Amino acid sequence: MTALGLPDTIQACLFDLDGVVTKTAVVHAAAWKETFDAFLRGYDGQRPFDAVADYDEYVDGRPRADGVRAFLDSRDIHLPEGTPDDPPDAATVHGLGNRKNELLLEKIRTDGVEAYDGTLRYLEAVRAQGLRTAIVSSSANCRDVLRSIGAEHFFDVRIDGVVAAERHLPGKPHPDTFLAAAHDLGVEAAHAAVFEDALAGMDAGRAGRFGYVVGVDRVGQTDALYAHGADTVVTDLAELGGKE
């Protein structure tokens, strides 16, 4: 293992955004809960959205519409797809997704965005060692969030919700967005490391046959991260090293 805590065959690092670089996973969970709880009040006998269990299982790391579908399927609720331009009060898959995004942006505007200092230090070390880097996120707000914390310069490549839509790439748990990032960096998957906090991201790392998959446990789900394909799990990327 290198001073970065990675196999010496690794040439590039692919980082998720929410929960790995920024402290926004909890904000996403809160926005999902507010969205789904308001919607579920129209259905008798439905329990509220669980911002931990339901979030981890059905929406974390997935593109917005995929998260809506997965969660509603778990409750045996089926809505029309609608279109990406649906208003946030539309009773459609895209309408619910747009409502969640509206709430998310409102929370971010109100409270701002914080970065994980350990991740920023690790990114600096990775870049100093000459490894290439990419940000891989299902968020359509990825670029704005990176700019808000002054971290856009850390990444050679950005594959986010906007790019994925343009290229028709399926989101996590499919590996396609990570594979696209590795391709754009000119590195084979076997020589790239994935850094993820979501179970769907672990699945993507395993499915893509990446050289190393690092699970970042911010909420006490170490066992689940290993079960979904992590090679190692840390609570902060500073634990991997990179101080030299």
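Refer to the structure presented above.
The sections below set out a description of the structure shown in this document.

Scoring rules and cut-offs
- Residues numbered from 1 in each chain as written.
- Predicted model: local features only at pLDDT ≥ 70, side-chain atom pairs only at ≥ 80, totals over all residues.
- Heavy atoms only, no water.
- Helix = DSSP H or I, 4+ residues; strand = E, 2+ residues; numbered from the N terminus.
- Rg over C-alpha atoms; globule rule 2.2 N^0.38 Å.
- Buried < 20%, exposed > 50% of the residue type's maximum accessible area, 1.4 Å probe, protein only.
- Contact = heavy atoms within 4.5 Å.
- Lys, Arg positive; Asp, Glu negative; His and termini not counted.
- Charge placed at Lys NZ, Arg CZ, Asp CG, Glu CD.
- Salt bridge = Lys/Arg side-chain N within 4 Å of Asp/Glu carboxyl O.
- Core = buried A, V, L, I, M, F, W, Y, C linked by side-chain atoms within 4.5 Å.
- Axes fitted to C-alpha atoms, helices over the stretch in contact; angles between N-to-C directions.
- Parallel < 35°, antiparallel > 145°, perpendicular 65-115°, else oblique.
- Left-handed = near helix turned anticlockwise from the far one by under 90°.
- Nonpolar A, V, L, I, M, F, W, Y, C, P; charged D, E, K, R; others polar.
- Pairing = 2+ DSSP bridges.
- Phe/Tyr/Trp six-rings, centres within 6.5 Å; stacked < 30°, edge-to-face > 60°.

Structural notes on the overall build of the protein
Argument step 1. Helix and strand counts for the protein stand at ten helices and six strands.
Argument step 2. Over its C-alpha atoms the protein spans a radius of gyration of 18 Å, differing by no more than 12% from the 18 Å that the globule rule assigns to 244 residues.
Argument step 3. Along the three orthogonal principal directions, the C-alpha set of the protein runs to about 55 × 35 × 30 Å.
Argument step 4. Counting only residues that meet the buried cut, the protein has 54% of its 244 residues in that class.
Argument step 5. In the protein, of all internal contacts separated by at least 6 residues, the share reaching a separation of at least 24 is 60%.
Argument step 6. Averaging the coordinates of the 24 positive side-chain charges in the protein and doing the same for the 41 negative ones gives two points 2 Å apart.

Concerning the side chain of D56
Argument step 1. Along the chain, D56 turns up in helix α2 (residues 53–59).
Argument step 2. Buried D56, no salt bridge; nearest opposite-charge side chain is R62, N-O distance 10 Å.
Argument step 3. The contact partners of D56, leaving out residues within four places of it in the chain, are L199, V219 and Q221.

Overview of the nonpolar core
Soluble, globular proteins show a tendency: their nonpolar side chains are buried together.
Argument step 1. L6, F15, Y122, F195 and L237 are the most contacted members of the largest nonpolar core, which totals 37 residues.
Argument step 2. Elements that contribute at least two residues to this core include exactly β1 (12–15), α1 (25–40), α4 (93–111), α5 (117–128), α6 (142–148), β4 (192–196) and β5 (212–216).
Argument step 3. Broken down by element, this core gets its largest block of residues, five residues, from α5.
Argument step 4. Setting aside chain neighbours within four positions, we find F15 in contact with V20, V21, Y122, L123, T133, A134, I135, V136, F155, F195 and L237.
Argument step 5. Core analysis: the next-biggest nonpolar cluster, separate from the first, contains 18 residues, A12, L14, V163 and L185 among them.

A word on the packing of α1 against α4
Argument step 1. Running from N to C, α1 and α4 point in directions that differ by 135 degrees, and their axes come no closer than 9 Å. Viewed along their axes, α1 and α4 adopt a mutual orientation that is oblique. Where α1 crosses over α4, the handedness of that crossing is right-handed. Within the contact between the two elements, α1 uses V27, H28, A30, A31, W32, E34, T35, F36 and F39 and α4 uses L96, R99, K100, L103, L104 and K107.
Argument step 2. By residue class, the composition of the contact of α1 with α4 is nine nonpolar, two polar and four charged.

Focus on the sheet that holds strand β3 (residues 157–159)
Pairing between the strands of a sheet comes from backbone hydrogen bonds, and it takes one of two forms, parallel or antiparallel.
Argument step 1. The six strands lie next to each other as β3-β2-β1-β4-β5-β6, forming an open sheet whose pairing is parallel. With one partner strand each, in any of the chains shown, β3 and β6 (232–234) form the two edges of the open sheet. Neighbour-to-neighbour, the strand axes of the sheet open up by a mean angle of 20 degrees, direction not taken into account.
Argument step 2. Alignment of β5 against β6, held across three bridges, turns out to be parallel. By the bridge assignment for β6, G215 is matched with V233.

A word on the packing of aromatic side chains
Argument step 1. In the structure shown here, the tally under the stated rule is ten aromatic pairs.
Argument step 2. Summarising the aromatic geometry, the rings of F49 and F71 are spaced 5.0 Å apart at their centres and angled 75 degrees between planes, so their arrangement reads as edge-to-face. Taken together, the positions of F49 in the loop between α1 and α2 and F71 in helix α3 (residues 64–74) put the pair 22 residues apart, joining distant regions of the chain. A single burial state applies to F49 and to F71, both of which are buried.
Argument step 3. Of the aromatic side chains, those joined through ring pairs into one cluster are W32, F36, F49, Y58 and F71.

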